Amino acid sequence: MTGGPLPVHGGLDHPVNRVVKELPTDAELLKKVAVADVDKTTLYRIADGTLSPITGPMTKEVYDLVLSGKHVVNNGKKYAWTIPIILPVTDDEYKNLVVGDKVALEDQQHKVFGVLHLASKFEWDKKEFIKAVYLTEREDHPGAKLWLDDVRTKCIGGEIEL
């Protein structure tokens, strides 16, 4: 075993850092999406670099690549990644969002804690997700049940600032 820290996943020199000193001044005026506490935790892990090289919830293209190929691509190289990092939204939120816009991320206490630069929005095939991630079609699997009981059926992706 060699001394020193392990290299950052994804071929990076440093972990991703999506933490900003302050949010954009227009953050409170943007269209908002409600973020569940579990999803907020994931967004903070992206922002602090724990999930490097990911810079935000996955776009449809990256989501599909992870489900089918079990990897992400960074600087032309493949890096193992087996579970898509997603941000589910409600149908009402989804229909009001436009790719290219900035979107305010609002926690369960209605406080804006971040901004997502919307690069992708897509239908979430939960059964496909469950089969690819948990390797089962059984709906009584604890992970499957978690997602199937969630009323949100759409996802959005893009880079975040928290």
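Predicted model, so just to flag it, every value in this text is computed and none were measured. (Residues numbered from 1 in each chain as written. Predicted model: local features only at pLDDT ≥ 70, side-chain atom pairs only at ≥ 80, totals over all residues. Heavy atoms only, no water.)

## Looking at the pairing of strand β3 (residues 77–80)
To be explicit about the condition: Strands qualify as paired when DSSP identifies two bridges or more between them. Numbering of helices and strands starts at the N terminus; helices are DSSP runs of H or I of at least 4 residues and strands are runs of E of at least 2.
Pairing of strand β2 (residues 71–74) with β3 involves four bridges; the strand directions are antiparallel. Residue pairing for β3: asparagine 74 is matched across the bridge by lysine 77. With antiparallel pairing between neighbouring strands as the criterion, β2 and β3 make up a hairpin whose turn holds two residues, including asparagine 75 at a positive phi of roughly 50°.

## A word on helix α4 (residues 126–134)
Rules: For every residue, the accessible area obtained with a 1.4 Å probe (protein chains only) is divided by the maximum for its type, and the residue is called buried under 20%, exposed over 50%, and partly exposed between those limits. By definition in these notes, contact holds between two residues if any of their heavy atoms fall within 4.5 Å. Throughout this description, a polar contact denotes any pair of N or O atoms lying within 3.5 Å of each other; where both atoms belong to protein, one of them has to be capable of donating a hydrogen while the other can accept it, and for residues adjacent in sequence the pair is counted only when both atoms sit in side chains.
Burial in α4 covers these residues: Lys126, Phe129, Ile130, Ala132 and Val133. Looking at the buried positions of α4, the neighbouring elements they touch are α2 (60–69) and α5 (142–148). Looking at where α4 begins, the residue whose side-chain oxygen comes 3.2 Å from the main-chain nitrogen of lysine 127 is aspartate 125. The first or second residue beyond α4 is leucine 135, which carries a positive phi of 60°.

## Here's the deal with the sheet that holds strand β6 (residues 112–123)
As a reminder of what qualifies: Simply put, an axis is a line fit to the C-alpha atoms, just over the touching stretch for a helix, and the angle between two N-to-C directions goes from 0 to 180 degrees.
Pairing within the open sheet is mixed, and its five strands lie in the order β1-β5-β6-β7-β4. Two strands in the sheet have a free side with no partner beyond their single neighbour: β1 (32–34) and β4 (87–89). Sheet twist, expressed as the mean angle between neighbouring strand axes with direction ignored, is 50°. As paired elements, β6 and strand β7 (residues 154–161) share eight bridges and run antiparallel to each other. By the bridge assignment for β7, valine 115 is matched with glutamate 161.

## Re the side chain of histidine 71
Mapping histidine 71 onto the fold places it in strand β2. By relative accessible area, which is 11% here, histidine 71 ends up buried. A distance of 2.9 Å separates a polar side-chain atom of histidine 71 from the backbone oxygen of glycine 69. Histidine 71 has contacts with Leu65, Val66, Lys78, Tyr79, Ala80 and Trp81, leaving out every residue within four places of it along the chain.

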